[in-house]
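Topology and contacts: notes
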Amino acid sequence: MFGKAKKLENKFVIAVKDFAETKKNLEAETLSVPFEKSLYRELISTAANKVDNLRGLSKFIKLQNKNKGDVRHYWEGLISEGYTLMDVQYDKKVPAIERLCDTVKFKFVCRA
């Protein structure tokens, strides 16, 4: 009970372009993605934290245990381009999350 909590191994940070529209299109089955749409819906549903504005970015970085100086500039750029950053759980081996999120709407950012 005491000490550090176990770090989750299958936790990642991804970026989703135009989150509300993308989620709506996934549910309506109108979004073109390279893998099954259900994989993307599951991925989005596992998000514990998300940020889509610069005001909440510092708190999000702290929750991810990242060094602010290392990630802030890149993550600010993603937000300014219309992406929403979120931490997600993904435990499937195939397809790898890097390939799953290699689209216009989804970007793999880092391992959390």
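All of the points below concern the structure found in this document. All of these numbers come straight from a predicted model, not from anything done at the bench.

Scoring rules and cut-offs
- Going along each chain's sequence as written, the residues are numbered from 1 onward.
- Local features are withheld for residues below a pLDDT of 70 in this predicted model, meaning they are given only at 70 or higher, and side-chain atom pairs are given and counted only at 80 or more; totals for whole chains, interfaces and linings count all residues.
- No hydrogens and no water enter the side-chain calculation; it runs on all heavy atoms of the structure.
- Partly exposed describes any residue whose relative accessible area lies between the buried limit of under 20% and the exposed limit of over 50%, with all areas from a 1.4 Å probe on protein chains only and scaled to the type maximum.
- Each helix is a run of H or I in the DSSP string that is no shorter than four residues. Each strand is a run of E no shorter than two, and both are numbered from the N terminus.
- Strands are labelled as partners when DSSP assigns at least two bridges between them.
- Comment: axis = line fitted to C-alpha atoms, over the contacting stretch for helices; angle = value between 0 and 180 degrees taken between N-to-C directions.
- We define a polar contact as two N or O atoms separated by no more than 3.5 Å, with the added condition that, inside protein, one atom must be a possible hydrogen donor and the other a possible acceptor, whereas residues neighbouring each other in sequence contribute only through side-chain atom pairs.
- Think of it this way: a Phe, Tyr or Trp ring, Trp meaning its six-membered ring, pairs with another when their centres are within 6.5 Å, and the plane angle makes it stacked under 30 degrees, edge-to-face over 60, tilted otherwise.
- Any Lys or Arg side-chain nitrogen found within 4 Å of a carboxyl oxygen on Asp or Glu counts as a salt bridge.

Summarising burial for strand 3 (residues 83-89): six of the seven residues are buried, a large majority. Relative to strand 3, strand 1 (residues 11-17) runs antiparallel, the two being bridged by seven bridges. Paired with Lys17 across the bridge in strand 3 is Tyr83. Inspection of the sheet shows strand 2 (residues 49-51) paired to strand 3 by three bridges, in the antiparallel sense. Note that in strand 3 the partner of Lys50 across the bridge is Met86.

Moving on: the sheet that holds strand 3. A sheet is described by the order of its strands in space; here four strands give the open sequence 2-3-1-4, paired in antiparallel fashion. Each having just a single partner strand, strand 2 and strand 4 (106-111) make up the two edges of the open sheet. Taken over all neighbouring pairs, the strand axes of this sheet differ in orientation by 25° on average, direction set aside. Bridging between strand 1 and strand 4 involves five bridges; their strand directions are antiparallel.

Mapped onto the fold, Thr22 is located in helix 1 (residues 19-27). Here Thr22 falls in the buried class, since its relative accessible area comes to 0%. From its side chain, Thr22 meets the backbone oxygen of Lys17 in a polar contact 2.5 Å long.

Next up on the list: the packing of aromatic side chains. Across all of its chains, the model carries three aromatic pairs by this definition. Taken together, a centroid distance of 4.8 Å and an interplanar angle of 45° make the contact between Tyr40 and Phe106 tilted. Within this pair, whereas Tyr40 is found in helix 2 (residues 37-45), its partner Phe106 is found in strand 4, the two being separated by 66 residues in sequence.

Okay, the pattern of salt bridges next. Summed over all chains, the structure comprises five salt bridges. Ionic pairing is found between Asp18 and Lys105, a salt bridge with its closest N-O pair at 3.7 Å. Taken together, the positions of Asp18 in the loop between strand 1 and helix 1 and Lys105 in the loop between helix 5 (97-100) and strand 4 put the pair 87 residues apart, joining distant regions of the chain. Residue classification places Asp18 among the partly exposed residues on the basis of a relative accessible area of 34%. Ionic pairing is found between Glu29 and Arg41, a salt bridge with its closest N-O pair at 2.9 Å. With a gap of 12 residues between them, Glu29 in the loop between helix 1 and helix 2 and Arg41 in helix 2 connect regions that are remote in the sequence.

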